[in-house]
Amino acid sequence: MSIKTKIATVALAALTVTAGVASTTSTAQAKPLGWGWGVGAGIATAAIVGTAVAASSQPYYYGYHRCGWVAQYNAYGQFVGNVRTCY
């Protein structure tokens, strides 16, 4: 994950928390405590961002091997498929 992606993720998380706090603040009234739109939107956004971050990272095997997909071609230069290789 690049530094730009990390900064964007932190900025989005800070914006979500700020929006959640701002949308749930109101005058003091005696009413039942509810979750509100801010908390629901924050949880939904956190789930979406968390899924995107988890899907974008590539796994490391044995602590030092990095594996990925490499294109495979036949003798005529035609694409056959992808093969998983580890460096």
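Residues numbered from 1 in each chain as written. Predicted model: local features only at pLDDT ≥ 70, side-chain atom pairs only at ≥ 80, totals over all residues. Heavy atoms only, no water.

Participant: Is there a simple way to think about the overall build of the protein in this case?
Facilitator: Assigned secondary structure in the protein consists of two helices and three strands. N-terminal to C-terminal, the α/β element order of the protein is α-α-β-β-β. Counting only residues that meet the buried cut, the protein has 8% of its 87 residues in that class. Contacts spanning at least 24 positions in sequence make up 15% of the contacts within the protein whose residues lie at least 6 apart. A total accessible area of about 7400 Å² is found for the protein, and carbon and sulfur atoms account for 67% of it. (Helix = DSSP H or I, 4+ residues; strand = E, 2+ residues; numbered from the N terminus. Buried < 20%, exposed > 50% of the residue type's maximum accessible area, 1.4 Å probe, protein only. Contact = heavy atoms within 4.5 Å. Areas by Shrake-Rupley, 256 points an atom, 1.4 Å probe, with all protein chains shown as cover.)

Participant: Please clarify how the environment of C67 should be interpreted in this entry.
Facilitator: Locating C67 in the fold gives a position in strand 2 (residues 65-73). For C67, a relative accessible area of 4% puts it in the buried group. C-alpha separation for the pair C67 and C86, spaced 19 residues apart in sequence, amounts to 3.9 Å.

Participant: Is there a simple way to explain the confidence of the model for the protein in this structure?
Facilitator: Low pLDDT means the predicted atomic positions in that stretch should not be read closely. Summarising the model, the protein shows a mean pLDDT of 77, and 68% of its residues fall at 70 or more. Put simply, strand 1 (residues 60-61) is where the protein has its lowest mean pLDDT, 53, and strand 3 (residues 79-86) is where it has its highest, 90. (pLDDT = per-residue confidence, 0-100.)

Participant: Can you walk me through the packing of aromatic side chains in this structure?
Facilitator: Centre-to-centre distance and the angle between the planes together describe a pair of aromatic rings. Summed over the entire model, instances satisfying the criterion amount to one aromatic pair. Plain terms: the ring middles of Y73 and F79 are 5.9 Å apart, the flat faces sit at 70 degrees to each other, and that makes the pair edge-to-face. (Phe/Tyr/Trp six-rings, centres within 6.5 Å; stacked < 30°, edge-to-face > 60°.)

Participant: Looking at this structure, I do not really get the environment of V17. What am I missing?
Facilitator: Note on placement: V17 falls in helix 1 (residues 3-24). V17 gets classed as exposed once you look at its relative accessible area, which sits at 54%. Between the C-alpha atom of V17 and that of G42, which follows or precedes it by 25 residues, the distance is 6.8 Å.

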